[in-house]
There are 2 protein chains.
Amino acid sequence: MKFNPVTPEIAATLAGIVGQEHVIMPASEDDMQRYTHDETEDLRYVPEIVLKPANADEISRIMQVCQLNNIPVTPRGAGTGLSGGALPVHKGVVLSTERLNRILDIDERNLQATVEPGVITQVFQEAVIAKGLFYPPDPSSRGSCFLGGNLSESSGGPRAVKYGVTKDYVLNMEVVLPSGEITWTGANVLKYATGYNLTQLMVGSEGTLGIITKIVFKLIPFPPQNLVMLVPFRKEEEACAAVSKIFMAGMVPSALEFMEREAIEWGLRYLQQHMTIPEDVQAHLLVELDGNDMDLLYKDAERVYEVLEQFDIGEILIADNEKQKEELWRLRRCVGHAVKSNSVYKEEDTVVPRAELPVLLKGVKEIGARYNFKSVCYGHAGDGNLHINIVKGHMSDDDWNNKLPEGIKEIFRLCVSLGGTISGEHGIGLVQRPYIDIALNEVQLRLMRGIKELFDPKGILNPGKIF
Amino acid sequence: MKFNPVTPEIAATLAGIVGQEHVIMPASEDDMQRYTHDETEDLRYVPEIVLKPANADEISRIMQVCQLNNIPVTPRGAGTGLSGGALPVHKGVVLSTERLNRILDIDERNLQATVEPGVITQVFQEAVIAKGLFYPPDPSSRGSCFLGGNLSESSGGPRAVKYGVTKDYVLNMEVVLPSGEITWTGANVLKYATGYNLTQLMVGSEGTLGIITKIVFKLIPFPPQNLVMLVPFRKEEEACAAVSKIFMAGMVPSALEFMEREAIEWGLRYLQQHMTIPEDVQAHLLVELDGNDMDLLYKDAERVYEVLEQFDIGEILIADNEKQKEELWRLRRCVGHAVKSNSVYKEEDTVVPRAELPVLLKGVKEIGARYNFKSVCYGHAGDGNLHINIVKGHMSDDDWNNKLPEGIKEIFRLCVSLGGTISGEHGIGLVQRPYIDIALNEVQLRLMRGIKELFDPKGILNPGKIF
């Protein structure tokens, strides 16, 4: 791809659109630093200019200028992505949605909300809970990530197992196309059979087809009660196997998270917390049940226990007060950060049909043994979504850069052979791009490239991602 | 569009692919008749040849022959569609999926099932219930419609209000493209962030992008308990208004169906059943609650009652034995057929945000008064999905053909102005095509046409539909 540089004239035009105070340039500016990376490994790419538009109209005008001048535009939410989707690998413009940060409407009559893409997920969740409503998707980064980014990557989080992922809550979106045209993708309805599903095409497209400027979400009534159980297993494969048994027994927990022993240990160290884990415990499941009625939840917990006691488990910790629950969740949520803060790492976002988890986990460890890498595994076991944090540790740079990718390929091939794929909720972005043809065949890739070309004939929007 | 006829040579080639016993030709054959119509009004289009292939490979070879010879192919499921999607308006081939009718696998470990598209929805539902599992989508035609057709139209049904529509249960599909290429669209996983969502692009595409040959569905545990209430309202707008109040009170019924007085009366006459409806009752809501625990359902029913008693309602009929429940559901399900069996009719499939239903209903009646048409309204009020059966009655042919479409346009414009759209679950197909630009703007249409061209450059697959 051949793009043009952002000349002083073009920069002045762009600054005229958003206002000089919402521009960062040149590249040497200190303020620029945070736009050069996301949370993917330690990758850094410096854009020529950062623009912080206020609305769809400004974004439309930016896109027209960039389309005309063949300048790449990389949309950016909060920069919490884990596949490098917000990195300006071809320089050009980083277009930050941070100023589109308003909750425009929480419609209690229709159980819908209209928001801008730069709203922080947790801020939105809390605003709707204050009205007795519920927006379930909750990626681990919910305290900082943006809703627009959640949509771009089709994010999930622990509650997806019962409530579905971000894609299942979006009804309609306003988007700016690379041409500068502004359009809605659908209607504000729960059922839609009016032409092709442009809304779902946009979800998970990683900012390569258009820039989301408004989102209409569906909401559901908030289930006020919940309880959390931490279940220690003596064999980690049994922890995985228990997951499908819980569903087969007719239970749908609101979260079912797997942490291997080391994951919890890294987490405890990171939080500087203490918890005694018996030596023979290999893994934990964090099980959350929710609903309207506490008595019923205790009944459900008993039914879950009946399933669990068929396995070789230790003493279950039941958290039914807010403080305990929060502590357990903080521990689970920090695992990714805990591993990252201690080592150079790569995080893989594998997903398989849930009953295949034990096979995947065993395979990952076996592949690690052959390629000499260490992995810390945890994630959304209820969805079959296992995050594999590969830590560099004592691996040589040469092995890390040249040998490890072969091991990752083996992991991904194993996922696909089990009916799964190479990303469940992080996206392909930049870092999984070399592996895409393990998951997608030539026909799928041709169709996807054709869609990209249809939406973005000059290829200026988030180039270098997915394909 | 210029297509070629099915010459005797081409017919022989096609017969060679599927076997002569799976071909119907010529057009005069008696067996051909049922392939000339679906359940849309009284429309009839005669194809040149009907093919009943056995598998994806045969379909691939058919598509290659038709692509080469520029012959239109109209895929057909059970022919229960309500927008004319299966009508061969450009003649050519009708490709029936009736022989792809196997449930290939019900995977109890993963709560997934793999089926062929010609499986009848109810047959599938009962097969999974026998294993304690649940496939919730249940269009009214579930006793005869095919799963492939449900996917093509993004069908819903009463339970969508709690459980979502067909699109929410499909994980992956095998499709044959117009080129004859066979590909899967995704992976057998609950979370998928690996390139564009080809699965959801195919759902609701009304057989214009590819022919579905295998489907992987997700299943959930079967909730064994339910109860059904029939609630009479003295004001039909209050029946609509009660719908959002029930949700606002934190309840998510498993069905919430609206029937105006006449809908129920047509239904009773059709079934030759008797039920005394007090003269002052204008409409009914059919409310179903489901779950694992009967005590809890009675509690929930009390909470629903607390909402309902704020309105001007009559005596509620609570059905908690299977016979009563089945009777009420049969009554609800037959309304469409009841109206159709008595008059020339058109059925509109409007959908709006659910709290706007009273406005829509009032608007429909007001437009009817101005255009002099009678309508019988009923449908999935919990989803804001109102079916409007327009009956010809004493309307002149001229008014029916020339004036009524203006009235329909007004109804559709009202839907769109309320945040809704012109089809919730029946699709655009043939009969709503003249109205598509009320719902979709030029940008959306250009993108959709571009997608169509990408998948089907020669336009041979189900031509004359949607656009």
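Parameters at a glance
- Residues numbered from 1 in each chain as written.
- Chains lettered and ligands numbered in written order.
- Predicted model: local features only at pLDDT ≥ 70, side-chain atom pairs only at ≥ 80, totals over all residues.
- Heavy atoms only, no water.
- Helix = DSSP H or I, 4+ residues; strand = E, 2+ residues; numbered from the N terminus.
- Buried < 20%, exposed > 50% of the residue type's maximum accessible area, 1.4 Å probe, protein only.
- Salt bridge = Lys/Arg side-chain N within 4 Å of Asp/Glu carboxyl O.
- Least-squares fit on C-alpha atoms with pLDDT ≥ 70 in both.
- Contact = heavy atoms within 4.5 Å.
- Buried area = accessible area lost by both parts, 1.4 Å probe.
- Polar contact = N/O pair within 3.5 Å; in protein donor to acceptor, adjacent residues only side chain to side chain.
- Arc of directions from axis to C-beta.
- Pairing = 2+ DSSP bridges.
- Axes fitted to C-alpha atoms, helices over the stretch in contact; angles between N-to-C directions.
- Domains from an automatic or database assignment.

As named in an unreviewed UniProt entry, chain A is FAD-binding oxidoreductase, taken from Pontibacter ruber.

Engineer: Any chance you could break down unusual backbone geometry for me, citing the residues and the numbers?
Structural biologist: A cis geometry characterises the amide bond from Met25(A) onward to Pro26(A), with omega recorded as 5 degrees. Inspection of the secondary structure assignment puts Pro26(A) in the loop between β1 (23–24) and β2 (49–51). Positive phi, normally seen in glycine, also occurs at Asn70(A), with a value near 60 degrees. Inspection of the secondary structure assignment puts Asn70(A) in the loop between α2 (56–69) and β3 (73–76). We classify Asn70(A) as buried; its relative accessible area is 17%. You will see that Ile466(B), though not glycine, has its phi angle at about 65 degrees, which is positive. Mapped onto the secondary structure, Ile466(B) falls in the segment after α14 (442–455).

Engineer: Give a description of the pattern of salt bridges that names residues and reports values.
Structural biologist: Within this structure, the stated rule accounts for 64 salt bridges over all chains. Among the salt bridges present, the one from Glu356(A) reaches Arg109(B), with a minimum N-O distance of 3.5 Å. Of this pair, Glu356(A) sits in the loop between β16 (345–351) and α11 (357–371) while Arg109(B) sits in the loop between β5 (103–107) and β6 (112–115), placing the two residues on different chains. When its relative accessible area of 14% is taken as the criterion, Glu356(A) is described as buried. For the salt bridge of Glu265(B) with Arg261(B), the shortest nitrogen-to-oxygen distance reads 2.8 Å. With a gap of 4 residues between them, Glu265(B) and Arg261(B) both fall in helix α8 (residues 261–271), about one helical turn apart. The network of salt bridges with common partners includes Asp138(A), Arg159(A), Glu288(A) and Arg333(A).

Engineer: Quick rundown of the relation of the copies chain B and chain A? Include the residues and the values.
Structural biologist: When chain B is fitted onto chain A, the two copies agree to an RMSD of 0.0 Å after a turn of 180 degrees and an axial shift of 0.0 Å. Such a combination of turn and shift is consistent with a two-fold rotation axis. Counting the interface residues of chain B, we find that 100% of their copies in chain A are interface residues as well, pointing to one common contact surface.

Engineer: Explain the interface of chain B and chain A residue by residue, including any values.
Structural biologist: Listed by partner, the interface residues are 86 residues for chain B and 86 residues for chain A. Here chain B meets chain A over a buried area of about 6500 Å², counting both sides, of which 61% is carbon and sulfur. When the buried area of chain B at its contact with chain A is split by residue, Lys191(B), Ala193(B) and Tyr196(B) rank highest and sum to 15% of it. On the surface where chain B and chain A come into contact, there are 10 salt bridges. As a salt-bridge pair, Glu181(A) and Arg446(B) come within 2.7 Å of each other at their nearest N and O atoms. For the interface between chain B and chain A, the tally reads 35 residue pairs in polar contact (both at pLDDT 80 or more).

Engineer: Give a description of the environment of Ala255(A) that names residues and reports values.
Structural biologist: All names here are of chain A. As for its position among the elements, Ala255 is in strand β13 (residues 255–260). Note on Ala255: relative accessible area 0%, which makes it buried. Taking the C-alpha atoms as reference points, Ala255 and Ala160, separated by 95 residues in sequence, lie 7.5 Å from one another. If near-sequence neighbours (up to four positions away) are discounted, Ala255 is found in contact with Pro158, Val161, Leu286, Val287, Glu288 and Trp329.

Engineer: Give a description of the environment of Cys145(B) that names residues and reports values.
Structural biologist: All names here are of chain B. Mapped onto the elements of the fold, Cys145 is located in the loop between β7 (133–134) and α4 (147–152). Separated by 66 residues in the primary sequence, Cys145 and Gly79 place their C-alpha atoms 7.3 Å from one another. Apart from residues no more than four positions distant in its own chain, Cys145 is found in contact with Ala78, Thr80, Val119, Ile120, Thr121, Pro139 and Asn150.

Engineer: Help me get a handle on helix α1 (residues 8–18) of chain B, residues and values and all.
Structural biologist: Residues and elements named next belong to chain B. Among the residues of α1, Ile10, Ala11, Leu14, Ala15, Ile17 and Val18 are the ones counted as buried. Angularly, the buried residues of α1 cover 155 degrees about the axis, an arc narrow enough to put them on a single face. With respect to the buried face of α1, the exposed residues turned more than 90 degrees away are Pro8, Glu9, Ala12 and Gly16. Turning to α1, the residues buried within the fold contact β1 (23–24), β2 (49–51), α2 (56–69) and β4 (93–96).

Engineer: Which residues make up the sheet that holds β2(B), and what values go with them?
Structural biologist: Residues and elements named next belong to chain B. The strand order across the open sheet built from 4 strands is β1-β2-β4-β3, with neighbouring strands paired in mixed fashion. Each edge of the open sheet carries a strand with a single partner, namely β1 and β3 (73–76). Pairing geometry for β2 and β4, over 3 bridges, is parallel. Each bridged residue has a counterpart across the sheet, and for Leu51 the counterpart in β4 is Leu95. Strands β1, β2 and β4 of the sheet are contacted by α1, whose axis makes an angle of about 20 degrees with β2.

Engineer: Run through the domain arrangement of chain A, naming residues and quoting values.
Structural biologist: Residue and element names in this part refer to chain A. For chain A, the assigned domains are domain 1 (8–96), domain 2 (103–221) and domain 3 (225–417). Relative placement of domain 1 and domain 3: their C-alpha centres are 37 Å apart. Taken together, the contacts link 4 residues of domain 1 with 5 residues of domain 3. In total, domain 1 and domain 3 occlude about 400 Å² of area from one another, counting both sides; carbon and sulfur atoms represent 40% of this. Per-residue buried area on domain 1 facing domain 3 is highest for Glu39, Glu41 and Leu82; these three make up 92% of the total on that side.

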